[in-house]
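Given next are the chains, with one letter for each unit.
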2 protein chains.
Amino acid sequence: MKTNRSNCPLTRALDIIGDKWSLLIIRDIIIMGKKTFTEFMKSKEKIATNILANRLELLIKHELLSVTKLPNDQKTKIYYLTDAGLDLYPIICELMKWSDRNLNKSFGPIGSKILDDLHTKPNDKIIAEATSSYRASRQEILNAIS
Amino acid sequence: MKTNRSNCPLTRALDIIGDKWSLLIIRDIIIMGKKTFTEFMKSKEKIATNILANRLELLIKHELLSVTKLPNDQKTKIYYLTDAGLDLYPIICELMKWSDRNLNKSFGPIGSKILDDLHTKPNDKIIAEATSSYRASRQEILNAIS
């Protein structure tokens, strides 16, 4: 897939995250606090190793994701979101709300927790809380490597 | 790709519209007023015939899109969105806004018009206007076939 099929902003976004996996990785990082390849592999959607490696590489290439290693563990790659990557959270919320409004309602516990929040709190507040909480955990990584 | 990889609402949504083309077709229907296969083929992203046919079929299968023929033209298939398909518009707006905030800003005229609106009007108002306008044009199709 060549990028920049057109200069429509929707197309530009889909050129990068228009697939079945990228936003699940972002979900796992923001909502589940996952940071490593092994943790991403454990998600219930059972992503294949090569697809995960490919998506991580693409997200890094487009500067939505960064990768580092902690001083006390030089073997494990630690992935964390850039601000542009974290800024995908409003899209994730809209997709969840669309599912909630239009698809069969037997969602699992993770989705249900977020949907409960989306039903009872203003959207902006949920996004601000998740963003601020993620920024704090990202800062711990950045402090450890600085 | 098997559907229902998990019961997370995000995954459920991506199982259906997690690709590079489906939301472009929805965009063309809502924003450009397109209704036919030939019109979809003319979009600047140059979708391949087989991909377009496949995506239309999938959108119909998941009841986001319906298809009919007008009494005065039994050759041309007319595609129109169901309420669940039209309800994807908030996701399209979030994707455009994310592009606008995070990607290089040289967008073409269609994107610029919508982004101007997204910058100057409340989100809810833009979505309500587009939805109401689309419902009116869909009603014309439904009247013609009733």
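Residues numbered from 1 in each chain as written. Chains lettered and ligands numbered in written order. Predicted model: local features only at pLDDT ≥ 70, side-chain atom pairs only at ≥ 80, totals over all residues.

*Asks:* Can you tell me about the overall build of chain A, naming the residues and giving the values?
*Replies:* Check the secondary structure of chain A and you find 8 helices and 2 strands. Listed N to C, the secondary structure of chain A is α-α-α-α-β-β-α-α-α-α in terms of helices and strands. For chain A, the C-alpha radius of gyration of 16 Å lies close to 15 Å, the compact-globule estimate for 146 residues. Here the C-alpha coordinates of chain A stretch approximately 45 × 35 × 30 Å along the principal axes. A burial count over chain A gives 32% of its 146 residues as buried. By sequence separation, contacts in chain A at least 24 residues apart represent 51% of the contacts at least 6 residues apart. (Helix = DSSP H or I, 4+ residues; strand = E, 2+ residues; numbered from the N terminus. Rg over C-alpha atoms; globule rule 2.2 N^0.38 Å. Buried ≥ 20, exposed ≤ 12 C-beta atoms within 10 Å, placed from the backbone. Contact = placed C-beta atoms within 7 Å.)

*Asks:* Talk me through the relation of the copies chain A and chain B; I want residue IDs and the actual numbers.
*Replies:* Once chain A has been moved 0.0 Å along the axis and rotated by 180 degrees, it coincides with chain B to within an RMSD of 0.0 Å. In short, the pair behaves as if placed about a two-fold rotation axis. Of every C-alpha in chain A, the one belonging to Asp19(A) sits nearest the axis of rotation, 2.2 Å from it. Interface overlap between copies is the fraction of interface residues in one copy that are interface residues in the other; for chain A against chain B it reaches 100%, indicating a shared surface. (Least-squares fit on C-alpha atoms with pLDDT ≥ 70 in both.)

*Asks:* Quick rundown of the nonpolar core? Include the residues and the values.
*Replies:* The biggest cluster of nonpolar side chains holds 58 residues, and the ones touching the most others in it are Leu10(A), Ile92(A), Leu10(B) and Ile92(B). Those elements giving two or more residues to this core turn out to be helix 1 (9–17), helix 2 (22–30), strand 2 (73–81) and helix 6 (89–102) of chain A together with helix 1 (9–17), helix 2 (22–30), strand 2 (73–81) and helix 6 (89–102) of chain B. (Core = buried A, V, L, I, M, F, W, Y, C linked by C-beta atoms within 7 Å.)

*Asks:* Could you give an account of the interface of chain A and chain B, naming the residues involved and the relevant values?
*Replies:* How big an interface is tends to be reported as the loss of accessible area on association of its parts. Counting residues at the interface gives 41 residues for chain A and 41 residues for chain B. Of all the secondary structure elements, the ones that give two or more residues to the side of chain A that touches chain B are helix 1, helix 2, helix 6 and helix 7 (109–120) of chain A. For the side of chain A that touches chain B, the leading source of residues is helix 6 of chain A, giving 11 residues. Its residues assigned to classes, the side of chain A that touches chain B comprises 20 nonpolar, 9 polar and 12 charged. (Nonpolar A, V, L, I, M, F, W, Y, C, P; charged D, E, K, R; others polar.)

*Asks:* Give a detailed account of the pairing of strand 1 (residues 65–70) of chain B, specifying residues and quantitative values.
*Replies:* Remark: a regular strand shows side chains that alternate across the two faces of the sheet. Residues and elements named next belong to chain B. Of the pairings in the sheet, the one linking strand 1 to strand 2 comprises 6 bridges and is antiparallel in character. Directly across from Leu65, in strand 2, lies its bridge partner Leu81. Where strand 1 folds back onto strand 2 in an antiparallel hairpin, the turn is made up of 2 residues. (Pairing = 2+ DSSP bridges.)

*Asks:* Describe the confidence of the model for chain A, listing the residues and the values that go with them.
*Replies:* A low pLDDT score tells you not to read the predicted coordinates there in detail. Per-residue confidence for chain A gives a mean pLDDT of 92, with 92% of residues at or over 70. Within chain A, helix 7 of chain A has the poorest average pLDDT of any element, 78, and helix 3 (residues 37–41) of chain A the best, 98. (pLDDT = per-residue confidence, 0-100.)

*Asks:* Break down helix 1 of chain A for me, citing the residues and quoting the values.
*Replies:* Given 3.6 residues per turn, any residue in an α-helix points the same way as the ones three and four places further on. Among the 9 residues of helix 1 of chain A, 8 are classified as buried, and the element is accordingly described as predominantly covered. Pro9(A), Leu10(A), Thr11(A), Arg12(A), Ala13(A), Leu14(A), Ile16(A) and Ile17(A) are the residues of helix 1 of chain A that are buried.

*Asks:* Tell me about the environment of Ile78(A), residues and numbers included.
*Replies:* All names here are of chain A. Looking at the secondary structure, you find Ile78 in strand 2. With 62 residues separating them in the primary sequence, Ile78 and Ile16 have C-alpha atoms 21 Å apart. Setting aside anything within four residues of it in sequence, one finds Ile78 in contact with Lys35, Thr36, Val67, Thr68, Lys69, Leu70 and Ile141.

*Asks:* I'd like a description of the packing of helix 6 of chain B against helix 8 (residues 123–145) of chain B, backed by residues and values.
*Replies:* All names here are of chain B. Closest axis-to-axis distance for the helix 6/helix 8 pair is 10 Å, and the angle between their directions is 130 degrees. The angle between helix 6 and helix 8 falls in the class oblique. Crossing hand, helix 6 versus helix 8: right-handed. On the side of helix 6, the interface is formed by Tyr89, Pro90 and Cys93, while helix 8 contributes Asn123, Ile126, Ile127, Ala130 and Thr131. (Axes fitted to C-alpha atoms, helices over the stretch in contact; angles between N-to-C directions. Parallel < 35°, antiparallel > 145°, perpendicular 65-115°, else oblique. Left-handed = near helix turned anticlockwise from the far one by under 90°.)

*Asks:* I'd like to hear about the packing of helix 1 of chain A against helix 2 of chain B, residue by residue, with values.
*Replies:* Following both chains from N to C, one finds helix 1 of chain A and helix 2 of chain B inclined at 170 degrees, their axes separated by 10 Å at the closest point. What the angle tells us is that helix 1 of chain A and helix 2 of chain B run roughly antiparallel. Touching Leu10(A), Thr11(A) and Leu14(A) of helix 1 of chain A are Leu23(B), Leu24(B) and Arg27(B), all from helix 2 of chain B. Per-class residue counts for the contact of helix 1 of chain A with helix 2 of chain B are 4 nonpolar, 1 polar and 1 charged.

*Asks:* Help me get a handle on unusual backbone geometry, residues and values and all.
*Replies:* The residue Lys46(A) is not glycine, and still its phi comes out positive at about 55 degrees. Positionally, Lys46(A) belongs in the loop between helix 3 and helix 4 (49–61). Given 9 C-beta atoms within 10 Å, Lys46(A) falls into the exposed group. In this structure, Glu63(B) takes a positive phi of about 60 degrees despite not being glycine. You can see Glu63(B) is positioned in the loop between helix 4 (49–61) and strand 1.

*Asks:* Describe the environment of Glu63(B), listing the residues and the values that go with them.
*Replies:* Classification of Glu63(B) as partly exposed rests on a count of 13 C-beta atoms within 10 Å. Along the sequence, Glu63(B) and Lys46(B) sit 17 residues apart, while their C-alpha atoms lie 25 Å from each other.

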